[in-house]
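# Secondary and tertiary structure notes
Here are the chains, one letter per residue:
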Amino acid sequence: MKREIEKRIDLARQFAKRLAEEKVSREEGEVRAPGKELPLQELYDDIEVNLPRVCWEPAGQEEWEVFRKRYLSKGRGRRLVLRYSAVAACVVAALTVALWLYFPTQKQVKPLMIVPVASNLPTISVSDKEYVLDSAGIDCLQRQNEVAVKQKGKELTYATDTGAVEEPVWHTIRVPRQAEFSLVLGDGSHVRMNTNTVLRYRVPFTGSTREVWIEGEAYFEVVPDNTRPFVVHFADNSVTVLGTQFNISCYNEQPSRTTLVSGSVCLSDSRDSVVLLPGQEGVIATGDKGIRVQEADVDVNTAWLNDRFYFKERSLFEIMRALSDWYDVTVRFNDRDLGSMLFSVETKRYEDIDSVLEILENTKKICFVKKDDVIEVRRNE
């Protein structure tokens, strides 16, 4: 993560420096020899396409000090050419402010205490402490929070809600890349979470509803309760059910898809509400006017439950996002237009990523260049 941040900062600084140099050159009437032109557009495109793909995971105090000394300290004995260009100053200033807000500082009042976590094991956060979801972490969770849970394999089960009046506590489960996890809530509802997913909920459920918040993807099997609807919140949207089975996919930068397998649900956004029937999906995308209801290919949308990738006429950007999450790699496009190309792919998720890339390359439309954990997508010339 730190290497990616430093790489992008250096890229932004180059961009700013070249903007300034270009301005000075114009003012002084300098003419550059052929082949010496500044590739500003190429540099800008690289920043625009690749910067959002950085995994912004929390950094420790030591990393912050390194960052502060390297990029924020003054008096480094160099005269900045940024004074020649307000635009260039804005580039570095915006990036610096963003990273300043991102990194934790010494003034944090209540830091999150973290039990040592294995590389790709899910975690649960309770009362400002985070526990890895293995036997040791669960024992620690139960001792410190008096939470009645048990774990078997990749599934965590809460004790059945007793209905007693208790002060609810927020629980948050984070499923990292290359992982999956299942959860049985206190009401008996079952939630299976896909890779790179966050689920928040109160324990126990109180009041007239059972509510959870999700980022990522999960399959829900909700226990019927006519007196307490089950509500799933994602972004500014929600799904309200009494008892049913459905899949929600709501990853960042992707259209959200609510796929109904059985029963009925009410899907709502900030402007509209629709009732879905079994076999239908509700799609909410940036730029759409309201919720788009269409027939769903349930096998495609729930293939991950059977450890398979199944993409049917999906954009390359969406496909590569899924591969990036599952195989924990960084994906870059050398041409942004490639992301809108549509492909169909079906394969096992536990195969090596090379086998998936080979299927895509066999279309003769694109090719991939791999270096360490970075995959670059190129148009096949």
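Placed above this text is the structure.
A brief structural summary. Owing to the predicted nature of the structure, the values given are computational and were not obtained by experimental measurement.

Thresholds, definitions, all that
Residues numbered from 1 in each chain as written. Predicted model: local features only at pLDDT ≥ 70, side-chain atom pairs only at ≥ 80, totals over all residues. Heavy atoms only, no water. Salt bridge = Lys/Arg side-chain N within 4 Å of Asp/Glu carboxyl O. Helix = DSSP H or I, 4+ residues; strand = E, 2+ residues; numbered from the N terminus. Buried < 20%, exposed > 50% of the residue type's maximum accessible area, 1.4 Å probe, protein only. Contact = heavy atoms within 4.5 Å. Polar contact = N/O pair within 3.5 Å; in protein donor to acceptor, adjacent residues only side chain to side chain. Arc of directions from axis to C-beta. Phe/Tyr/Trp six-rings, centres within 6.5 Å; stacked < 30°, edge-to-face > 60°. Lys NZ or Arg CZ within 6 Å of the ring centre and 35° of its normal. Pairing = 2+ DSSP bridges. Axes fitted to C-alpha atoms, helices over the stretch in contact; angles between N-to-C directions.

### As for the pattern of salt bridges
As enumerated under the stated definition, the model contains 16 salt bridges in all. The residue Glu180 makes a salt bridge to Arg349 at a minimum N-O spacing of 3.1 Å. You can see Glu180 sitting in the loop between strand E6 (169-175) and strand E7 (181-184) and its partner Arg349 sitting in the loop between strand E21 (342-348) and helix H8 (353-361), a full 169 residues away along the chain. Side by side, Glu180 and Arg349 carry an identical accessibility label, which is buried. A salt bridge links Asp297 to Lys312, with the nearest nitrogen and oxygen atoms 3.2 Å apart. Note that Asp297 is positioned in the loop between strand E18 (292-295) and helix H6 (298-301) and Lys312 in strand E19 (residues 308-315), a separation of 15 residues in sequence.

### Notes on the side chain of Thr157
In this fold, Thr157 is placed in strand E5 (residues 155-158). Of the residues examined, Thr157 reaches a relative accessible area of 18% and is grouped as buried. Those residues in contact with Thr157 that lie beyond four places of it in its chain are Ala148, Val149, Lys150 and Val184.

### Comments concerning the environment of Arg292
With respect to the element layout, Arg292 can be found in strand E18. Given the relative accessible area of 38%, Arg292 is considered partly exposed. Considered as a pair, Arg292 and Gly282 are 10 residues apart in the sequence and their alpha carbons are 5.6 Å apart. When residues no more than four places from it in sequence are discounted, the contact partners of Arg292 are Glu281, Gly282 and Val283. Within the structure, Arg292 has its side chain in polar contact with the side chain of Gln294 (distance 3.0 Å).

### Quick word on H8
By the burial criterion, the buried members of H8 are Ile353, Val356, Leu357 and Leu360. Within H8, the buried residues cover an arc of 95° as seen down the axis, which keeps them to one side. The inward-facing, buried residues of H8 abut helix H7 (316-327), E21, strand E22 (366-371) and strand E23 (374-379). Between a side-chain oxygen at the N-terminus of H8 and the backbone nitrogen of Asp354 the separation is 2.8 Å; the capping residue is Asp352.

### Some words on the packing of aromatic side chains
Using the criterion set out here, one finds 8 aromatic pairs in the structure. Between Phe220 and Phe246, the aromatic rings sit 5.1 Å apart at their centres with planes inclined by 10°, giving stacked as the arrangement. Of the two residues, Phe220 sits in strand E10 (residues 210-221) while Phe246 sits in strand E13 (residues 245-250), which places them 26 residues apart along the sequence. Judged by relative accessible area, which is 0%, Phe246 ranks as buried. Note on Phe309 and Phe311: the rings are 5.9 Å apart at their centroids and 20° apart in plane angle, and the pair reads as stacked. Accessibility expressed as a relative area gives 5% for Phe309, which makes it buried. Since its relative accessible area comes to 8%, Phe311 is described here as buried. Three or more aromatic residues joined by ring pairs make a cluster, and in this case those are Phe205, Phe220, Phe230 and Phe246. Taking the ring centre of Trp170 as reference, the NZ or CZ of Arg200 above it sits at 4.3 Å. One Lys or Arg, Arg321, reaches over the ring of Tyr251 and ends 3.8 Å from the middle of that ring.

### Quick word on the sheet that holds strand E20 (residues 330-333)
On the basis of which strands lie adjacent, the open sheet formed by 3 strands has the order E20-E23-E22 and mixed pairing. Looking at strand neighbours, the two that pair on one side only are E20 and E22, the edges of this open sheet. Put simply, the sheet's adjacent strands are angled 25° from each other on average, direction ignored. As judged from the 4 bridges shared by E20 and E23, these two strands associate in the parallel manner.

### Description of the pairing of strand E16 (residues 273-276)
Each regular strand carries side chains that alternate between the two faces of the sheet. Residue alternation in E16 divides its side chains into a buried set, Val274 and Leu276, and an unburied set, Ser273 and Val275. Alignment of strand E15 (residues 265-268) against E16, held across 4 bridges, turns out to be antiparallel. By the bridge assignment, Ser268 is partnered in E16 with Ser273. Linkage of E15 to E16, two consecutive antiparallel strands, is achieved through a turn of 4 residues.

### Observations regarding the pairing of strand E14 (residues 256-262)
Counting buried residues in E14 gives 5 out of 7 residues, a clear majority hidden from the surface. Following E13, the chain reverses through 5 residues before pairing antiparallel with E14; Glu253 in that reversal takes a positive phi of roughly 65°. Strand direction decides the pairing type here: E14 and strand E17 (residues 280-284), joined by 4 bridges, are antiparallel. Across the sheet, Arg257 pairs through a bridge with Val283, a residue of E17.

### Quick notes on the environment of Thr347
With respect to the helices, strands and loops of the structure, Thr347 is situated in strand E21. By relative accessible area, which is 9% here, Thr347 ends up buried. In sequence terms Thr347 and Arg308 are 39 residues apart; their C-alpha atoms lie 5.8 Å from each other. With residues up to four places along the chain from it excluded, the contact list for Thr347 reads Arg308, Phe309, Val356 and Ile359.

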